[in-house]
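Notes for the structure review
Now for the letters of each chain:
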Amino acid sequence: MIHGLPWGASPIDLAEEAPGEVKFLDTELDPAMGALERMAGWQVPGMRSGLRWAAQAMAVSTLALLALNSHALANWADQLPVTRLSEPVVALADDWHAAAGRLGLNAVVDHVEAAATAMRKAPWPKAHR
Amino acid sequence: MLFPTLAFHGFFILVFCCNWLLRRAGDWRLIMLLVASWIFYGWFDARFVALLLLSAMLNWGAARLIVAQPGRRARLWLIAGVWANLAILGFFKYYDFFLHGVNSALAGAGLGIGLKTLDVILPVGVSFFTFQGISYVVDVWKGRSEPARLLELTFLMSFFPHLVAGPIVRPGHILPQLRERPWLSRGAAATSLVLILWGLVKKTVIANELGVHLVDPVFNHPSGHSAGDLILAAYGYSIQIYCDFSAYSDMAIGLAGLLGFRFPANFNQPYRASSLQDFWRRWHISLSSWLRDYLYIGVLGGSRQTLLRTCLALFGTMLLGGLWHGASVNFLIWGALHGAMLVGERLWGLARPAGLPKAPVWLGRLYTFHLVTVAWVFFRAKTFGEATDFLGRIGHGQQGAFIALPWTVGMIALGLACQFGPPDAIQRLGRRLRAMPFWAVGLLVTLVLLVVEGLRGAGVAPFIYFQF
């Protein structure tokens, strides 16, 4: 019988977080806790705050992307089927894209896009001469 | 719904929140993830959600009967279960291919009757979920996995990160995870984020750029290009398919990781392999280990038999592995090439004179990479003739246009460089990320996504392995 994926078989497994024998020192053991969680290397700094840390990082990233990546929002809205419901969404996304452009929030994507276009066209040194 | 899209981003954020809010809710969490997976799958074609459900029910029923009636009857239920999966796969994937073959044979024999083809639509990911179903009934029969409840099995086969292009997860690896309350360490979260970001870069930058600016134009019109372009396009396809497919696997593992699931690795720097056998330990590991365990050893007898039978088993496994990719003669040829070379390597290993010095590792890597690249030409070309014609034009040193630019060649170099970096680079980056405060990680993720957005040009092509 195979009991779960061995530690180290997944790329997200870090050696120092490997479940051990008696690493969990909390006296109030939760009965719903699974074997791996019970034996996890809790002494690793910050290990217990994984969920909060990941959720906060994703929240920051999503908010920052809403502000700085209006391109993606406008592209997504433009691909929506034309309906009465989608019209205001498309208008809102386009307005935000324009406003973000005026505020200079699209600068990162615009600069990378321009650089990528130039790099795609760059010829071989010999042909350049 | 493709991973590198805004729609998926919104979908995943919602699923992530619900998943962890339902952390202590037991089966309700699985039900939510199952419904989310059906929405994800229904985005491609809602009709096939029913097929997914039917397939899960068939496998669940077969396993129940295997457990309920041990002995000879269990074996019969096992065979019935495996054949039910193969029937689903065979109908959707090979029915028309088979009929075309029969019709050609009938026409060749001078018989004017032709059987009607059905133009069957291929459900996305059918090869992956049927293989998962087969491994479940076999593992239950062999006692390698406990029988799952219908909810668990339906979830196992439908879970959206691996549903359409793998990795093919084993029931014994995942079922125990479903029965435990999920948890997320900071290291696992950080490494998952690294995998998702690196997958995005590989797919939307390297694979897309190579596909659009080099591989597709050259493979679609090989007569108009010089031999230099053809060689670079062949190398380019090797890198494109690696970056495309491994990107999907990386993102699937990372997304599952953020939801509290641990998926096995699916790629391990395959182009640094120094033999073809080594290559298959590094490429699409979940499929190659599936083929090894369930076909090569389970059905064809493995290596504990006469040399001739072992070689035939090896060749047959690779041939069927090729056919698994699709109903095309080219996939068979691709599988046959790999099978023949694996047999050749095995025989050479036995016949090699004892005093002969071992070839240097770099030579083995060069040989393996080029062998795999030639085989990819058959995989990429539409017909056998097109593939031989492509290789013939390289052999003759064809003159013509040269469209490969430093940018695309740079992408090939970058794809190759990934193969020779530290094997634990993802974990190392995960550790660095883990040590950073959440706001810095959030801003770093944003920066990478903005750069990807700027680099990826217009839109994202579907993943190559979606067609399998």
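See above for the structure.
Read on for a plain summary of the structure. (Residues numbered from 1 in each chain as written. Chains lettered and ligands numbered in written order. Predicted model: local features only at pLDDT ≥ 70, side-chain atom pairs only at ≥ 80, totals over all residues. Heavy atoms only, no water.)

**Some thoughts on the environment of Asp 229 of chain B**
Residues and elements named next belong to chain B. Along the chain, Asp 229 turns up in helix 10 (residues 227-258). Residues Asp 229 and Phe 219 lie ten residues apart in sequence; the distance between their C-alpha atoms is 9.8 Å. Not counting residues up to four positions away in its chain, the partners in contact with Asp 229 are Leu 214, Val 218, Ala 401, Phe 402, Ile 403 and Ala 404. From its side chain, Asp 229 meets the backbone nitrogen of Ile 403 in a polar contact 2.7 Å long. (Helix = DSSP H or I, 4+ residues; strand = E, 2+ residues; numbered from the N terminus. Contact = heavy atoms within 4.5 Å. Polar contact = N/O pair within 3.5 Å; in protein donor to acceptor, adjacent residues only side chain to side chain.)

**Brief notes about a nonpolar patch on the surface**
Where nonpolar side chains cluster on the molecular surface, the patch consists of Trp 28, Ile 31, Val 35, Ile 39 and Trp 43 of chain B and spans about 540 Å² of accessible area. Relative to the elements of secondary structure, Ile 39 of chain B occurs in helix 2 (residues 27-45). (Patch = residues over 30% accessible without salt bridge, like charges linked within 9 Å, V, L, I, M, F, W, Y side chains within 5 Å. Areas by Shrake-Rupley, 256 points an atom, 1.4 Å probe, with all protein chains shown as cover. Salt bridge = Lys/Arg side-chain N within 4 Å of Asp/Glu carboxyl O.)

**Concerning the packing of aromatic side chains**
Residues and elements named next belong to chain B. For the coordinates displayed, the defined rule picks out 43 aromatic pairs over all chains. Aromatic pair Tyr 242 and Phe 267: ring centres 6.0 Å apart, planes at 80 degrees, arrangement edge-to-face. Separated by 25 residues along the polypeptide, Tyr 242 in helix 10 and Phe 267 in the loop between helix 10 and helix 11 (276-282) bring together distant segments of the chain. A single burial state applies to Tyr 242 and to Phe 267, both of which are buried. Over the ring of Phe 48 we find Arg 47; its NZ or CZ atom is 5.7 Å from the centre of that ring. A cation sits over an aromatic face here: Lys 93 above Trp 324, 5.4 Å from the ring centre. (Phe/Tyr/Trp six-rings, centres within 6.5 Å; stacked < 30°, edge-to-face > 60°. Buried < 20%, exposed > 50% of the residue type's maximum accessible area, 1.4 Å probe, protein only. Lys NZ or Arg CZ within 6 Å of the ring centre and 35° of its normal.)

**A few points about unusual backbone geometry**
Note: most peptide bonds trans; most residues except glycine with negative phi. All names here are of chain B. A positive phi is found at Gln 269, a non-glycine position, where the angle reads about 45 degrees. Here the phi dihedral of His 284 falls at roughly 40 degrees; this positive angle occurs in a residue that is not glycine. Structurally, the position occupied by His 284 is in the loop between helix 11 and helix 12 (285-297).

**Quick notes on helix 16 (residues 384-395) of chain B**
For helix 16 of chain B, which comprises twelve residues, the first-to-last C-alpha distance of 17 Å matches the rise-based estimate of 16 Å (1.5 Å per residue) to within 8%. Taken from the residues just after helix 16 of chain B, Gly 397 of chain B is the one with a positive phi, measuring 65 degrees. (Expected span 1.5 Å × (residues − 1).)

**What to know about the interface of chain B and chain A**
At the junction of the two partners, chain B supplies 69 residues and chain A supplies 61 residues. Here chain B and chain A share an interface that buries about 5,500 Å² over both sides, 69% of which is from carbon and sulfur atoms. For the interface between chain B and chain A, the tally reads five salt bridges. Of the charged contacts, one joins Arg 434 of chain B and Glu 16 of chain A as a salt bridge, the two residues approaching to 2.8 Å between their closest N and O atoms. Run the count over chain B and chain A and you get 16 residue pairs in polar contact (both at pLDDT 80 or more). Sorting the residues of the side of chain B that touches chain A by element identifies helix 1 (6-21), helix 8 (171-178), helix 9 (186-220), helix 10, helix 17 (406-417), helix 18 (425-434) and helix 19 (438-455) of chain B as the ones contributing at least two each. With 13 residues, the top contributor of residues to the side of chain B that touches chain A is helix 19 of chain B. Looking at the side of chain B that touches chain A residue by residue, the class counts come to 39 nonpolar, 17 polar and 13 charged. (Buried area = accessible area lost by both parts, 1.4 Å probe. Nonpolar A, V, L, I, M, F, W, Y, C, P; charged D, E, K, R; others polar.)

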